[in-house]
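Spelled out from the first residue to the last, the chains are:
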Amino acid sequence: MTLPLSLDSVTAHYGKVKVLEDLSIHVGAGELVSLLGASGCGKTTTLRLVAGFLQPTSGTIRLGDKDLTRLPAHGRDIGLVFQNYALFPHLSVQQNVGFGLKQRNLPSAEQDRRALQMLERVGLAHLAQRLPAELSGGQKQRVALARALVIEPPLLMFDEPLSNLDAKLRVDMRVEIRELQRANGTTALYVTHDQEEAFSISDRVAIMNEGRIMQLDTPETLYQRPANSFVARFVGFENLIPLTVRDRSGDVVRAEAKGGAMLTLSQQRLGAIPDGFVLATRPDGLIVSDDPTAEGLPATLGLRTYLGRAYQYRCETGTGHLVANGSLATPFKPATQVTLTPNPDQCAILAVE
Amino acid sequence: MTTRLHPLLIVLTALVYVFLLGPLIIIFGASVSDTTFLAFPPQGLTLHWFENIWEISAFRRTIVTSFQVALLGTAFALLIGIPAAYALNRHRIQLPAWLSTLFVLPILVPEIVIGFSLLRSVNVGLDVPVFTTLLIGHTLLVTPYAIRVISASLASFDFSIEEAAISLGSHPVKTFFTIVLPNVRSGVVAAFILAFITSINDVSVSLFLTGPGISTLPIQILAHVEQFFDPTIASVSVLLMVLTIIVMIIVERTLGLTVIAK
């Protein structure tokens, strides 16, 4: 069973503090959507609202045709996976997995059969009689996953499920989570602060800040076409250069930066460019050159750091500090006068905010 | 490899043990002494003074009263203390910090004051029977201990475990009994023992609240000592000591003594 989840204009408060403002998300049936953001951005609050541990001040939460908004948490039928596993310490692995089935008053033989079957799927059937304290972190999280999946919920929710695991295991587990979610076709809401994790397993990602969704899109779109400066910075567009269009001829636009430098940009590559805009580039998107004929932003190089695949320079330009990566083949000395030319493949056009 | 102990350390340690255990050994010796006064070292050997406890009706009655008050008072303290400790820990963020202090305030108020104020307001003021007032006094006396010990146990309880159970379809009330309580069991047992022992040993509160025909064992011991100086008192003390040791052995066997040390 799988159902779409929709949050419609949800606002929530902690006491008098507003933690979510007019939040709307639609997660399609079988889709995995991540909520991504720094701590305090409202991602966990959103998950707790859907789970029923918090009540929204206004707005509605629906799962398929069912209005969850005023339903008590124990009647919502949602599979939850917690950061700290939240296994029942006094129950065996099998009893942990069977707990939800017991609440549904299934015959005990059926409970055992389904719990064991689920444990087999996560590869832990041989540990069924152990207590949670005897398991490793990865095994605990597998049990938690099995416990959430065995009730065949129409919605699965994950609250930073991998944050307590070591780096190698994190990658393995996220693939495993994605495979199980895909195989069951369960709708999923996944909360994380790890960008790589969110981008790697999600159909779509909602980047959140201060209780609002800044952009909800596929990982590819977020990575290449951020909608605003917050998202741009979040996905690594470290340089935000305000520009004003001076001249247009066909698709080619000539724009002036603060300090007087002119840049030539193609709308064919970058999309429509308004008269006033911000050019966002990653450090890799600025080509460093000491060729005096190159067109671009004149810059004085500052501190050089070694990244392994490139040198990174702090640059002083007429429009402020910029960060650019230069090739390992031609290192420049600090204080060298260079020109920074944007590479359109690594640029995005943003509206002035 | 063994570390060589300084001889002075051994002597000091021995002295501490003598200081702690000495009085207990003297009491034990005195309780079997075949004399009509408290004597140590014991002269002769008799169990007469143990028989004597059951022959004095005041001891029989007060032992029963003490047990009734301690068991009921502790039961009430747990009935109040478990929900209070749960609420204080579950909603720690939303609740003001002084609230948990408020619940342990009776520990800080001198017991004499609690006894006297209950005598004035409840026993005399409201004309409540002596036994009931005594029970209220003991409940009041031991509830803060129950809250403290159970709170300590709940402080290390991860409430997302409770949320996991609820999300799997378990009603919150049922979740409390099937998930929360089994995980703070040792705290509840420790609270029970601490409250029970505090109540059984109490003199200050009981002193004010005992009345005609109703008294507790410690008060009876005081009254007896004022009139007689025979080894019966030593025998009663030995019985109390044995009772405590039995309780401790049960605790050690089932939970480990660390639950009380915590």
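Shown above is the structure to which this text applies.
A short tour of the structure in this document, coming up. (Residues numbered from 1 in each chain as written. Chains lettered and ligands numbered in written order. Predicted model: local features only at pLDDT ≥ 70, side-chain atom pairs only at ≥ 80, totals over all residues. Heavy atoms only, no water.)

### Brief notes about the overall build of chain A
Selection criterion: Helix and strand assignments come from DSSP, with helices taken as H or I runs of at least 4 residues and strands as E runs of at least 2, each series counted from the N terminus. Per-residue accessibility, obtained with a 1.4 Å probe over protein chains only, is compared with the maximum for each type, and a residue is labelled buried under 20%, exposed over 50%, and partly exposed between these values. Contacts between residues were defined by any pair of non-hydrogen atoms, one from each residue, lying within 4.5 Å. Only the protein chains shown count as cover for residues, and all accessible areas are computed by the Shrake-Rupley method using a 1.4 Å probe. His is not counted here, nor are the chain ends, while Lys and Arg score as positive and Asp and Glu score as negative. Charged groups are reduced to one reference atom each: NZ for lysine, CZ for arginine, CG for aspartic acid, CD for glutamic acid.
A count of helices and strands for chain A gives nine helices and 20 strands. Projecting the C-alpha coordinates of chain A onto the three principal axes gives extents of approximately 80 × 45 × 40 Å. For chain A, with 353 residues in total, the buried portion stands at 50%. Nonlocal contacts in chain A, meaning residues at least 24 apart in sequence, comprise 64% of its contacts between residues at least 6 apart. As presented, chain A carries roughly 15800 Å² of accessible surface, and 50% of it is formed by carbon and sulfur atoms. One finds the centroid of the 36 positive side-chain charges in chain A at a distance of 5 Å from the centroid of its 37 negative side-chain charges.

### Examining the interface of chain B and chain A
Put simply, an interface is often sized by how much accessible area is lost when its parts join up. Threshold: Each of two parts loses accessible area, computed with a 1.4 Å probe, when they are put together; buried area is these two losses added. The term salt bridge refers to a side-chain nitrogen of Lys or Arg lying within 4 Å of a carboxyl oxygen of Asp or Glu. Only Asp, Glu, Lys and Arg are considered charged in this grouping, and only Ala, Val, Leu, Ile, Met, Phe, Trp, Tyr, Cys and Pro are considered nonpolar; every other residue, Gly among them, is considered polar.
With 18 residues of chain B in contact, the opposing surface of chain A contributes 19 residues. Buried surface at the junction of chain B and chain A, summed over both partners, amounts to about 1600 Å²; 62% is from carbon and sulfur atoms. For chain B, the biggest contributors to the area lost against chain A are Glu163(B), Ser167(B) and Leu168(B); these three give 39% of the whole. At the boundary of chain B with chain A, the tally comes to one salt bridge. Note that Glu163(B) is salt-bridged to Arg48(A), the shortest N-O span being 2.6 Å. Listed by contribution, the elements that provide at least two residues to the side of chain B that touches chain A are helix 7 (159-167) and helix 8 (172-183) of chain B. Broken down by element, the residue count for the side of chain B that touches chain A peaks at seven residues, all from helix 7 of chain B. Of the residues that constitute the side of chain B that touches chain A, the class distribution is eight nonpolar, seven polar and three charged.

### Structural notes on the sheet that holds strand 16 (residues 297-306) of chain A
Residue and element names in this part refer to chain A. Rule in force here: Strands qualify as paired when DSSP identifies two bridges or more between them. With axes taken as lines fitted to C-alpha atoms, and helix axes fitted only over the stretch in contact, angles between N-to-C directions fall between 0 and 180 degrees.
Spatially, 15-19-16-17-18 is the arrangement adopted by the five strands of the open sheet, whose pairing is antiparallel. The sheet is open, and its two borders are formed by strand 15 (286-289) and strand 18 (320-326), each paired with just one other strand. Within the sheet, the average angular offset between the axes of one strand and its neighbour, ignoring direction, is 45°. Note that strand 16 and strand 19 (residues 337-342) share four bridges and pair antiparallel. Bridge assignment links Thr300 to a residue of strand 19, and that residue is Gln337.

### Thoughts on the environment of Thr264(A)
All names here are of chain A. This is how the line gets drawn: Throughout this description, a polar contact denotes any pair of N or O atoms lying within 3.5 Å of each other; where both atoms belong to protein, one of them has to be capable of donating a hydrogen while the other can accept it, and for residues adjacent in sequence the pair is counted only when both atoms sit in side chains.
Within the fold, Thr264 resides in strand 13 (residues 262-266). In this structure, the C-alpha to C-alpha distance between Thr264 and Gly296, residues 32 residues apart in sequence, is 8.3 Å. Reaching out from Thr264, the side chain makes a polar contact with the side chain of Arg254 at a distance of 3.0 Å. A distance of 2.8 Å separates polar atoms of two side chains, one belonging to Thr264 and the other to Glu295.

### A few points about the pattern of salt bridges
Residue and element names in this part refer to chain A. Applying the stated criterion across every chain, the model contains 19 salt bridges over all chains. One salt bridge in this structure joins Arg114 and Glu152, with 3.8 Å as the shortest N-O distance. Residue Arg114 is located in helix 3 (residues 108-121), and its partner Glu152 is located in the loop between helix 4 (137-149) and strand 7 (155-159); the two are separated by 38 residues in the primary sequence. A salt bridge links Asp284 to Arg309; its shortest N-O distance comes to 3.2 Å. Highlighted residues: Asp284 in the loop between strand 14 (276-281) and strand 15 and Arg309 in the loop between strand 16 and strand 17 (311-317), separated in sequence by 25 residues. A relative accessible area of 34% means that Asp284 is categorised as partly exposed.

### Overview of a nonpolar patch on the surface
All names here are of chain B. To keep it simple, the criterion reads: Surface patches are defined over residues having more than 30% relative accessible area and no salt bridge, joining like charges when they lie within 9 Å and nonpolar side chains (Val, Leu, Ile, Met, Phe, Trp, Tyr) when within 5 Å.
A cluster of nonpolar residues, Val16, Tyr17, Phe19, Leu20, Leu21, Leu24, Ile25, Ile26 and Phe40, forms a patch on the protein surface that exposes about 930 Å² of accessible area. Relative to the assigned elements, Leu24 resides in helix 1 (residues 7-31). Classification of Leu24 by relative accessible area gives partly exposed; the value is 37%.

### Some points on helix 8 of chain B
Short version of the rule: In this scheme, a helix's expected span is set at 1.5 Å multiplied by one less than its residue total. Picture the helix axis, draw a direction to every C-beta atom, and the arc is the one those directions span.
In a regular helix each residue adds 1.5 Å, so twelve residues correspond to 16 Å; helix 8 of chain B covers 15 Å between its end C-alpha atoms and thus fits that length. Of the positions making up helix 8 of chain B, those classed as buried are Thr175(B), Phe176(B), Ile179(B) and Val180(B). Buried residues along helix 8 of chain B cover an arc of 125° about the axis, so they all sit on one side. Buried residues in helix 8 of chain B make contact with helix 2 (93-103) of chain A together with helix 3 (57-90), helix 6 (130-155) and helix 7 of chain B.

### Looking at the pairing of strand 11 (residues 239-249) of chain A
Consecutive side chains of a regular strand alternate in pointing toward one face of the sheet and then the other. Residue and element names in this part refer to chain A. Taken together, the six bridges between strand 11 and strand 14 define a ladder with antiparallel strand orientation. Paired with Leu240 across the bridge in strand 14 is Ala280. In this structure, strand 11 lies alongside strand 12 (residues 252-257), joined through six bridges in antiparallel fashion. What sits directly across from Arg248, in strand 12, is Val253. A loop of two residues connects strand 11 with strand 12, the two strands running antiparallel in sequence, and Gly250 in this loop sits at a positive phi of about 65°.

### What about the environment of Val19(A)?
All names here are of chain A. Structurally, Val19 is set in strand 2 (residues 17-27). A residue is classified by how much of its surface remains accessible, and Val19, at 17% relative accessible area, is buried. Residues Val19 and Gly296 lie 277 residues apart in sequence; the distance between their C-alpha atoms is 43 Å. Here Val19 is in contact with Ala12, His13, Tyr14, Gly42, Thr45 and Gly211, once residues within four sequence places are set aside.

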